[in-house]
Amino acid sequence: MEFRELEIKGVWLIKPQRFGDSRGYFNETWKQGEFEAHVGKVNFVQDNESLSSHGVLRGLHLQRGEWSQAKLVRVSQGRVLDVAVDLRSGSPTWGKHVAVELTHEGGEQLFIPRGFAHGFVVLSEVAQFQYKVDNVYAPQSEMTIAFDDPDLGIDWVIDPSEMLLSEKDQTGDGNITAADVTAVYTVMMTQ
């Protein structure tokens, strides 16, 4: 596996080595020892999967305080633009984001540490998205940030008129912005 830390400290792009022939391919998608040697110790407790059609945007989501989650995400079918926004209190890259295209063909994975908002938009006809998390889902601590927050300046690659969002992702917490999160997130981290 290749591990490359991206421009925001703690966010890693991981590319498994793939072995293929006329029958198809094989690769290891998770190897604890290798992961810990490059990224560090993370105790993943749950695997999740979603299936979405073209234009579906899921995010930007985060869980606060003790329920914060680190994620290791990948695409097992299709293609997505995956986005992680740094909302770690005191981080020199607070409010900055990374956007990475993850594809089934490439097998890329993205590790997102705790303290980040996360979302993705489906670029292919359909995408199957899988992710490991190091904490369980806690709806009482979840926040949804407006995907189109102008301060974040995320280029989602597709036109907003093509996007399909759940009611939660359209209105979330009143479509709060990243700037709104500062006070709320800081307070919640101490609870």
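One structure accompanies this document, and this report is about it.

## What about the packing of aromatic side chains?
Part 1 of the reasoning: Using the criterion set out here, one finds seven aromatic pairs in the structure.
Part 2 of the reasoning: Centre to centre, the rings of Phe35 and Phe44 are 5.9 Å apart; their planes meet at 65°, and the pair counts as edge-to-face.
Part 3 of the reasoning: Judged by its relative accessible area of 2%, Phe35 is buried.
Part 4 of the reasoning: Relative to Tyr131, the ring of Phe129 has its centre 5.7 Å away and its plane inclined at 50°; by these criteria the two rings are tilted.

## Some thoughts on unusual backbone geometry
Most peptide bonds take the trans form, and the phi angle of most residues other than glycine is negative.
Part 1 of the reasoning: A cis amide bond links Gly59 to the next residue, Leu60, at an omega of 0°.
Part 2 of the reasoning: With respect to the helices, strands and loops of the structure, Leu60 is situated in strand E6 (residues 57-63).
Part 3 of the reasoning: Of note, Val157 is a non-glycine position whose phi angle comes to about 75°, a positive value.
Part 4 of the reasoning: Position of Val157 among the secondary structure elements: in the loop between strand E13 (142-144) and helix H2 (167-171).

## Regarding the sheet that holds strand E8 (residues 79-86)
Part 1 of the reasoning: Taking strand neighbours across the sheet as the criterion, the five strands line up as E9-E8-E11-E6-E13 in an open arrangement whose pairing is antiparallel. Both outer strands of the open sheet, strand E9 (97-103) and E13, are each paired with one neighbouring strand and no more. Sheet twist, expressed as the average angle between the axes of neighbouring strands with direction ignored, equals 25°.
Part 2 of the reasoning: Across seven bridges, E8 lies against E9 in antiparallel orientation.

## Let's talk about the sheet that holds strand E12 (residues 126-133)
Part 1 of the reasoning: Taken in spatial order, the six strands of this open sheet run E1-E2-E10-E7-E12-E5, and their pairing is antiparallel. Every other strand in the sheet has two partners, leaving strand E1 (2-5) and strand E5 (46-53) as the edge strands with one partner each. With direction set aside, neighbouring strand axes in the sheet form an average angle of 20°.
Part 2 of the reasoning: Two strands pair when backbone bridges link them, and strand E2 (residues 12-15) and strand E10 (residues 109-112) are joined in this way by three bridges, in the antiparallel orientation. Bridge pairing links Trp12 to Phe111 in E10.

The rules behind the values
Each chain carries its own residue numbering, running from 1 in the direction its sequence is written. Where totals are concerned, whole chains, interfaces and linings use all residues; where local detail is concerned, this predicted model gives features only for residues with pLDDT of at least 70, and gives and counts side-chain atom pairs only at 80 or more. Only hydrogens and water are set aside; all other atoms, that is, all heavy atoms of the structure, feed into the side-chain values. The rule is short: rings of Phe, Tyr and Trp, with Trp giving its six-membered ring, pair when the centres are within 6.5 Å, and they are stacked under 30 degrees, edge-to-face over 60, tilted in between. For every residue, the accessible area obtained with a 1.4 Å probe (protein chains only) is divided by the maximum for its type, and the residue is called buried under 20%, exposed over 50%, and partly exposed between those limits. Helix numbers and strand numbers start at the N terminus; a helix is a DSSP run of H or I with at least 4 residues, a strand a run of E with at least 2. In short, DSSP must find at least two bridges between two strands for them to pair. Interaxial angles span 0 to 180 degrees and are taken between N-to-C directions of axes, which are lines fitted to C-alpha atoms, for helices over the stretch in contact.

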